[in-house]
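# Close look at the chain arrangement
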Amino acid sequence: MRACAAAAAILLLAALVRAQKATDRAIELRSPGGRIALRVRLPAAGSAEVPRWSLAVDGATLLDGGRLGLTIEGDGELFAGAVAQVVASRVHDERIPVSFGKADHARDRFGEGRVVCAAPGRVPVHLVLRAYDDAIAFRYEIPAAPARAELRVLAEGTSFGVTGRPTIHTQFLEHFRSSHEYVVRETPFAELPAGQLLDVPLTITRYDGPVLSITEAALVRWAGMSLRRDGDSHELA
């Protein structure tokens, strides 16, 4: 599951149902108080484009233009021009114990939507969106395909579109098998070297806005997460 700090929940069902209109190419989730919005912009069916997503807090867009993408051997990019359909949504609210820290419990409250993206000749991919009170999260799931003995992932094209001129706090890694024991560097985004391997959690600070942290979670038989600046763009991929 990919995750970054921000949030959403109670208007989930209405927002997802609204996205089913033929003329509506977007899915939107909002937090209970309306401060935080997660939006996914869907490409036209049959195009070569992939969905793009954004995150806004108090009306200010903090992440924008990030890609959703998953390339499978023999199928290609599963999200490219796929037809999207919301198939399920739910709200979860539970008090859970916390073993360490100042509090002995936390509130596990989120709204969840499951969107099936499918295109002719490809296996479908489920985009699972979650909106918490203090975070958003998403992941890709591929249902079992009895006719396929295995699926080989060639690339995961997820990216985070960073807006403005923030500062990045992270470790610069030498390689994918790093011990993750480096000094955390404070670097203006504009000065991040293209292609430099960046560790997570990766924290984004602004002088006039909330702090975001991008990390990984709930990995099951999946490679660990790291990021790179995509060329001279504002995307971390």
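The shown structure was predicted, so the numbers you read here are calculated from the model rather than taken from an experiment.

### Describing the overall build of the protein chain
Each helix and strand in the protein chain was counted, giving 1 helix and 18 strands. Residues classed as buried in the protein chain amount to 43% of the 237 residues present. Nonlocal contacts in the protein chain, meaning residues at least 24 apart in sequence, comprise 54% of its contacts between residues at least 6 apart. About 12,700 Å² of surface is accessible on the protein chain, with carbon and sulfur atoms providing 53% of the total.

### Overview of the sheet that holds strand β5 (residues 60-67)
Strand order in the open sheet formed by 4 strands is β2-β3-β4-β5, with antiparallel pairing between adjacent strands. Of all strands in the sheet, those bounded by a partner on one side alone are β2 (26-30) and β5. Averaged over all pairs of adjacent strands, the angle between their axes in this sheet comes to 15 degrees, without regard to strand direction. Bridge count between strand β3 (residues 36-41) and strand β4 (residues 52-57): 6 bridges; the pairing is antiparallel. Following the sheet pairing, R41 is matched in β4 by R52.

### A short note on the pairing of strand β10 (residues 125-132)
When you tally the buried positions in β10, you get 8 out of 8 residues, the bulk of the element. Residues V125, L127, L129 and A131 point to one face of β10 and H126, V128, R130 and Y132 to the other, with burial holding for every one of them. As paired elements, strand β9 (residues 105-118) and β10 share 8 bridges and run antiparallel to each other. Bridge assignment links R114 to a residue of β10, and that residue is V128. Two successive antiparallel strands, β9 and β10, enclose a turn made up of 6 residues, where G121 displays a positive phi of approximately 85 degrees.

### Quick notes on the confidence of the model for the protein chain
Summing up the model confidence of the protein chain, the mean pLDDT is 84 and the portion of residues at 70 or higher is 89%. Every residue in residues 1-23 scores below 50 in pLDDT, and together they form 91 contacts with partners more than four places removed in sequence or on other chains.

### Structural notes on the pattern of salt bridges
Within this structure, the stated rule accounts for 13 salt bridges. Here R52 and E235 are joined by a salt bridge, their closest N and O atoms 3.4 Å apart. Taken together, the residues span a long stretch of sequence, with R52 in strand β4 and E235 in strand β18 (residues 235-236) at a distance of 183 residues. R52 sits in the partly exposed class, given a relative accessible area of 28%.

Parameters at a glance
- Residues numbered from 1 in each chain as written.
- Predicted model: local features only at pLDDT ≥ 70, side-chain atom pairs only at ≥ 80, totals over all residues.
- Heavy atoms only, no water.
- Helix = DSSP H or I, 4+ residues; strand = E, 2+ residues; numbered from the N terminus.
- Buried < 20%, exposed > 50% of the residue type's maximum accessible area, 1.4 Å probe, protein only.
- Contact = heavy atoms within 4.5 Å.
- Areas by Shrake-Rupley, 256 points an atom, 1.4 Å probe, with all protein chains shown as cover.
- Pairing = 2+ DSSP bridges.
- Axes fitted to C-alpha atoms, helices over the stretch in contact; angles between N-to-C directions.
- pLDDT = per-residue confidence, 0-100.
- Salt bridge = Lys/Arg side-chain N within 4 Å of Asp/Glu carboxyl O.

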